[in-house]
Amino acid sequence: MPDLKRCSRCVLPETYETIEFDDNGVCNICRQQKIKQEKVNWTARKKQLDELIERYRGKHDYDCLVPFSGGKDSTYTLAYLIREYKIKPLVVRFDHGFMRPKLEEYTAKTLRFLGVDAIRFTPNWRIVRKLMLESLVRKGDFCWHCHTGIFSFPMHIAIKFNVPLIFWGEPSAEYTNYYDYSEDDVEMVDEKRFNRFVNLGINAEDMFGMINSEDDPVDPRDLIPYTYPKMKDLRKLGYHSVCLGSYIPWNVKENVKYFQKFLPWWQGDEVEGIPFDRYPYEKIECYMQGLRDYIKYIKRGYSRASQMATLDIRHGRMSRDEALEMIKRYEGKKPHALPIFLDYLGITEDEFNEICIKTAVPPYEHDFDSSSEYGNKPKDFDQCYREKDGVPR
Ligand SMILES: [Zn+2]
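These notes cover the structure that comes with them.

Rules used throughout
- All chains use their own residue numbering, which begins from 1 and follows the written sequence.
- Only residues with pLDDT of at least 70 get local features here, since the model is predicted, and only at 80 or more are side-chain atom pairs given and counted; chain-wide, interface and lining totals rely on the full set of residues.
- Water and hydrogen atoms play no part in the side-chain values, which are based on all heavy atoms of the structure.
- Helix numbers and strand numbers start at the N terminus; a helix is a DSSP run of H or I with at least 4 residues, a strand a run of E with at least 2.
- A contact between two residues is defined here by any heavy atoms of the two lying within 4.5 Å.
- In what follows, salt bridge is the name for a side-chain nitrogen of Lys or Arg lying within 4 Å of a carboxyl oxygen of Asp or Glu.
- Note on classification: 1.4 Å probe, protein chains only; a residue is buried when its accessible area is under 20% of the maximum for its type, exposed when over 50%, partly exposed between these limits.
- For Na, K and Ca the donor cutoff is 3.2 Å, while for all other metals N, O and S atoms count as donors only within 2.8 Å; water does not appear among the atoms, so some sites may look incomplete.
- Irregular is the default label, applied whenever a site is not tetrahedral (four donors, all angles between 85 and 135 degrees) and neither square planar nor octahedral (four or six donors, opposite donors over 155 degrees apart, all other angles between 65 and 115).
- The set of buried Ala, Val, Leu, Ile, Met, Phe, Trp, Tyr and Cys residues whose side-chain atoms join them within 4.5 Å is what this entry labels a nonpolar core.
- Domain start and end points were adopted from an automatic or database domain assignment.
- Side-chain atoms alone can form a polar contact between residues adjacent in sequence; in general such a contact is a pair of N or O atoms within 3.5 Å, and within protein one must be able to donate a hydrogen while the other accepts it.

## Things to note about the environment of Tyr364
Among the secondary structure elements, Tyr364 is positioned in the loop between α15 (349-357) and β6 (387-388). A sequence separation of 65 residues divides Tyr364 from Lys299, and the C-alpha atoms of the two residues are 7.3 Å apart.

Here it is in structure tokens:
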């Protein structure tokens, strides 16, 4: 385990985004959590939610729009709104290209059982590959297409179908300090938030300039799914885009228990880099999750095990020592997604390492010899889509 300063309460390291420590070595995310538990008037927030839903109910073809991956947060959001409010939602799925078989199975069953209209959108894979390489090289994060597509595409659908109320799941204050839980200040999921921490500081127009070339031209329209809609169109719609978790307390374990009572087929899946028995339902929606976490490790010296442990400590489910033990065992292992990904992009592992190391956050310095061993391999990884030199295998 790398030698980094960690929060004296929750083990988050000094390389964590937006982190600051107080005189007792406690981080600002831990202190924020205290505000959430002690200061937010959840009864008043719930009343706001009731009013919000009634304000839009029955006024359009759908009462609201729910962006949906099929993972734990969007499944909870959809299930909760239907169960508690009997609303009629339009479900929108942005397919980032790496949906796993179990997730697809859960989604098919859930959408049928709940009885909802759903739209699935799968963007051009040839463009996705270009976007992944470009954003990896520029930002050390290959998921630009996913971050931007997930947040902007459903907004285009909201405009096209004239559905002004949009419900996302988890508020960002749960993990970072970009927004907080202070009274009456409900986080809007809008363009400001999109530019602030969704699009990695690259808008679609700039991205077009980066991936378009004479030898391999790109059509500017290929970038539309990743472009936030025009403000005048959103204003005309009268949009109201919020997180359900801004109105009701967000406790992931409780949320999963809630919807498993009537969606019992949803049983999570194994993910690379974290113990399945402890976290069966964390980030099951993407084959590339383990690779994302591995890049984070190369950059910042920690990955998902640290983040999960932090939540468990905060909720009183794990001791700090147990957390450090788990981190040692699971973090910094090579993911099985890596060779698959290298084939998609047509780069070697050395080239990949070189790209990632450039975005390192000091004081962490990654030593690749320490991460030469592969981690746990989920069962479905042999079924993952493979290609070589741009041709499916
Ligand atoms: Zn902390």
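## Thoughts on the side chain of Asn255
Here Asn255 shows up in helix α10 (residues 252-260). Those residues within four positions of Asn255 in sequence are excluded, and the remaining contacts are Tyr76 and Trp250.

## Quick notes on the pattern of salt bridges
Scanning the entire structure with this criterion turns up 30 salt bridges. The residue Arg221 makes a salt bridge to Asp219 at a minimum N-O spacing of 2.6 Å. Residue Asp219 is classed as partly exposed on the basis of its relative accessible area, which comes to 27%. Note that Lys253 and Asp312 form a salt bridge whose closest N and O atoms lie 3.8 Å from each other. With Lys253 in helix α10 and Asp312 in helix α12 (residues 304-314), the pair connects residues that are 59 residues apart, well separated along the chain.

## Some points on the coordination of the zinc ion
Coordination sphere of the zinc ion, protein contribution only: Cys7 (SG), Cys10 (SG), Cys27 (SG) and Cys30 (SG), at 2.3 to 2.4 Å. Seen from the zinc ion, its four donor atoms lie at angles of 102 to 115 degrees, and the figure they make is tetrahedral. Sequence spacing among the residues donating to the zinc ion works out to C-x2-C-x16-C-x2-C. Of this pair, Cys10 sits in the segment before α1 (28-38) while Cys30 sits in helix α1, and the two are 20 residues apart along the sequence. Note on accessibility: Cys10 and Cys30 belong to one class, buried.

## Observations regarding the nonpolar core
Grouped together as the largest cluster of nonpolar side chains are 58 residues, with contacts concentrated most on Leu136, Met288, Leu291, Phe341 and Phe352. Mapped onto the domain boundaries, this core takes at least three residues apiece from domain 1 (28-37 + 269-392) and domain 2 (42-246). If we skip the residues at most four places from it in the chain, Phe341 touches Met132, Leu136, Phe142, Met288, Leu291 and Phe352.

## Comments concerning the side chain of Glu387
Secondary-structure assignment places Glu387 in strand β6. Side chain to side chain, Glu387 and Trp125 meet in a polar contact 3.0 Å long. Among the polar contacts listed, one links the side chain of Glu387 to the side chain of Arg129, at a separation of 2.6 Å. Residues contacting Glu387, with those up to four places away along its chain left out, are Trp125, Arg129, Asp343, Tyr344, Pro392 and Arg393.

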